[in-house]
Amino acid sequence: MATQIDKEACREAYNEVRDDNTDTSWAAFKYEGPRIVPAGQGTDYEDFKRMCTDDARMFGFIRITTGDAMSKRAKFTLITWIGENISGLQRAKISTDKTLVKDIVQNFAKEFMISDLRELDEDYIRTELKKAGGANYDAQAE
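Residues numbered from 1 in each chain as written. Predicted model: local features only at pLDDT ≥ 70, side-chain atom pairs only at ≥ 80, totals over all residues. Heavy atoms only, no water.

- Under the annotation held in an unreviewed UniProt entry, the chain carries the name Coactosin-like protein and is attributed to Pleuronectes platessa.
- The record in UniProt for the chain states the following under Function (unreviewed entry): "Binds to F-actin in a calcium-independent manner. Has no direct effect on actin depolymerization. Acts as a chaperone for ALOX5 (5LO), influencing both its stability and activity in leukotrienes synthesis."
- The chain has a UniProt comment under Subunit (unreviewed entry) that states "Interacts with 5-lipoxygenase (ALOX5/5LO) in a calcium-independent manner. Binds to F-actin with a stoichiometry of 1:2." (UniProt positions renumbered as here; feature names shortened; annotations may be inferred.)

### Some words on the side chain of T77
Item 1. With respect to the helices and strands, the residue T77 is situated in strand β5 (residues 72-82).
Item 2. Once residues within four sequence positions are removed from consideration, T77 is found in contact with G60, F61, I62, F108, K110, E111, F112, I125 and L129. (Helix = DSSP H or I, 4+ residues; strand = E, 2+ residues; numbered from the N terminus. Contact = heavy atoms within 4.5 Å.)

### Structural notes on helix α3 (residues 88-102)
Item 1. Counted at 1.5 Å a residue, the expected span for α3 with its 15 residues is 21 Å, and the 22 Å between its end C-alpha atoms agrees.
Item 2. S95 marks where α3 bends most, by close to 35°.
Item 3. Buried-residue contacts for α3 involve β1 (4-5), β2 (26-32), β3 (35-42), β4 (57-67), β5 and β6 (110-114). (Expected span 1.5 Å × (residues − 1). Bend = angle between axes of the 7 residues up to and from the residue.)

### Considerations on the environment of D20
Item 1. Here D20 shows up in the loop between α1 (7-18) and β2.
Item 2. Within polar-contact distance, the side chain of D20 engages the side chain of R63 at 3.2 Å. (Polar contact = N/O pair within 3.5 Å; in protein donor to acceptor, adjacent residues only side chain to side chain.)

### Describing the pattern of salt bridges
Item 1. In the structure shown here, the tally under the stated rule is twelve salt bridges.
Item 2. R35 is the partner of D6 in a salt bridge, and the nearest nitrogen-oxygen pair spans 3.7 Å. Placement of D6 in the loop between β1 and α1 and of R35 in strand β3 is noted, with a sequence separation of 29 residues between them.
Item 3. You can call R35 partly exposed: its relative accessible area is 33%.
Item 4. Residue E46 is joined to K49 by a salt bridge in which the shortest nitrogen-to-oxygen separation is 3.7 Å. Of this pair, E46 and K49 both sit in helix α2 (residues 45-51), three residues apart, roughly one helical turn. (Salt bridge = Lys/Arg side-chain N within 4 Å of Asp/Glu carboxyl O. Buried < 20%, exposed > 50% of the residue type's maximum accessible area, 1.4 Å probe, protein only.)

And the structure:
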């Protein structure tokens, strides 16, 4: 059966993360049978990480604040999480199903496909987003 996505609910979660007037910094999208649906939203990245278990396959849209004391800006990333216990068929299917998610989650600086919890480290994600952002104007010592 072909995978479908709950476009309206997923778009609402995506827009809440993008909205500068909310504190929401992540939204997760999971499989519920043959459908991709919102799995949760929150303000603490650690809560998102706890959802990334060995038996889970899901997508996360994350807001990370980068910059320095002079200029803060929001950067966004799309994370595809594939737990260690996910079968080969499900691993292959997530790659094609990602196009459904990308129809909704369209604005992000960098994309990650992760299956090792260590790669979900927030500092690592932040560093990669800074690299993807081009020029780095962090305050320098005088």
